[in-house]
Amino acid sequence: MDKNKVLNMLGLAMRAGKLVTGEELTLKEIRRNKARLVLIAADAGKNTHKNISDKCTYYKIPYTDRLTALEIGGAIGKPRMVIGILDNGFAKKIGELIQG
C-alpha cells in the first residue's frame, strides 16, 4: 500500500466535498447506501470498529482499517476515527491503492 498516494487522494476527496467524517454521519450515509468505501482508524475503539464494520457488512459496503487516526486526520485536516467516501471514482481509486 502506498500510504502517501492514499492520503493525497483522501485530501483531494475532502476538498472536493466527497467525504463524510465522523462516526454518526458515516453511519447515516451507510444506512442511506451513499457511502462507497469506509475507512476506520486502526486505533479506533473496539465498539466503534465493531459498530461500523457490522453496518458495512450488512449493507455490503467495503471498509478498511489500515490507516491510523493520525494519518487520516493529517490527510483531511480534522481528527477523525471514521470517514466515508461518497464518490465512486474516489472510492475505487483509494480502494485500489490500499489493496495494491
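What you see is a predicted model; the values in this text were computed from it and never measured. (Residues numbered from 1 in each chain as written. Predicted model: local features only at pLDDT ≥ 70, side-chain atom pairs only at ≥ 80, totals over all residues. Heavy atoms only, no water.)

Draft legend 1. Fine view of helix H4 (residues 69-76). Taken residue by residue, H4 has Ala-69, Ile-72, Gly-73, Ala-75 and Ile-76 as its buried positions. Buried residues of H4, seen end-on, are gathered within an arc of 165 degrees and therefore sit on one face of the element. Facing away from the buried surface of H4 by more than 90 degrees, the exposed residues are Leu-70 and Gly-74. Where H4 is buried, its residues meet helix H1 (3-15), strand E1 (19-21), strand E2 (37-41), strand E3 (63-67) and strand E4 (82-85). One or two positions beyond H4, positive phi appears at Gly-77, with a value near 85 degrees. (Buried < 20%, exposed > 50% of the residue type's maximum accessible area, 1.4 Å probe, protein only. Helix = DSSP H or I, 4+ residues; strand = E, 2+ residues; numbered from the N terminus. Arc of directions from axis to C-beta. Contact = heavy atoms within 4.5 Å.)

Draft legend 2. Representation of the UniProt feature "domain: Ribosomal protein eL8/eL30/eS12/Gadd45" (unreviewed entry) in the chain within the structure. Taken from the UniProt record, the annotation "domain: Ribosomal protein eL8/eL30/eS12/Gadd45" (unreviewed entry) applies to residues 5-92. A distance of 13 Å separates the end C-alpha atoms of residues 5-92, which is 52% helix and 19% strand. (UniProt positions renumbered as here; feature names shortened; annotations may be inferred.)

Draft legend 3. Structural view of the sheet that holds E1. Strand order in the open sheet made by the four strands is E1-E4-E2-E3, with mixed pairing throughout. One side of each edge strand has no neighbouring strand; the edge strands of this open sheet are E1 and E3. Neighbour-to-neighbour, the strand axes of the sheet open up by a mean angle of 25 degrees, direction not taken into account. Bridge analysis of E2 against E4 gives four bridges, and the strand direction is antiparallel. (Pairing = 2+ DSSP bridges. Axes fitted to C-alpha atoms, helices over the stretch in contact; angles between N-to-C directions.)

Draft legend 4. Geometry of unusual backbone geometry. Look at Asn-33: it is not a glycine, yet its phi comes out positive at around 60 degrees. Structurally, Asn-33 is set in the loop between helix H2 (23-31) and E2. According to the relative accessible area criterion, Asn-33 is partly exposed, its value standing at 40%.

Draft legend 5. Layout of the nonpolar core. Among the nonpolar cores identified, the biggest contains 31 residues, and Leu-10, Ile-30, Val-38, Leu-39, Ile-52, Ile-85 and Ile-94 are the most heavily contacted of them. In this structure, Leu-10 is in contact with Leu-19, Leu-39, Leu-67, Ala-75, Ile-76, Ile-83, Ile-85 and Ile-94, ignoring residues within four places of it in sequence. (Core = buried A, V, L, I, M, F, W, Y, C linked by side-chain atoms within 4.5 Å.)

Draft legend 6. Examining the pairing of E2 more closely. Counting buried positions over the five residues of E2 gives five, a clear majority of the element. Here E2 shows a buried face lined by Leu-37, Leu-39 and Ala-41 and a second buried face lined by Val-38 and Ile-40. Of the pairings in the sheet, the one linking E2 to E3 comprises three bridges and is parallel in character. Counted as the bridge partner of Val-38 is Tyr-63 from E3. In this view, the connection linking E2 to its parallel neighbour E3 by way of helix H3 (residues 46-58) has right-handed handedness. (Right-handed = clockwise from strand over helix to strand, strands pointing away.)

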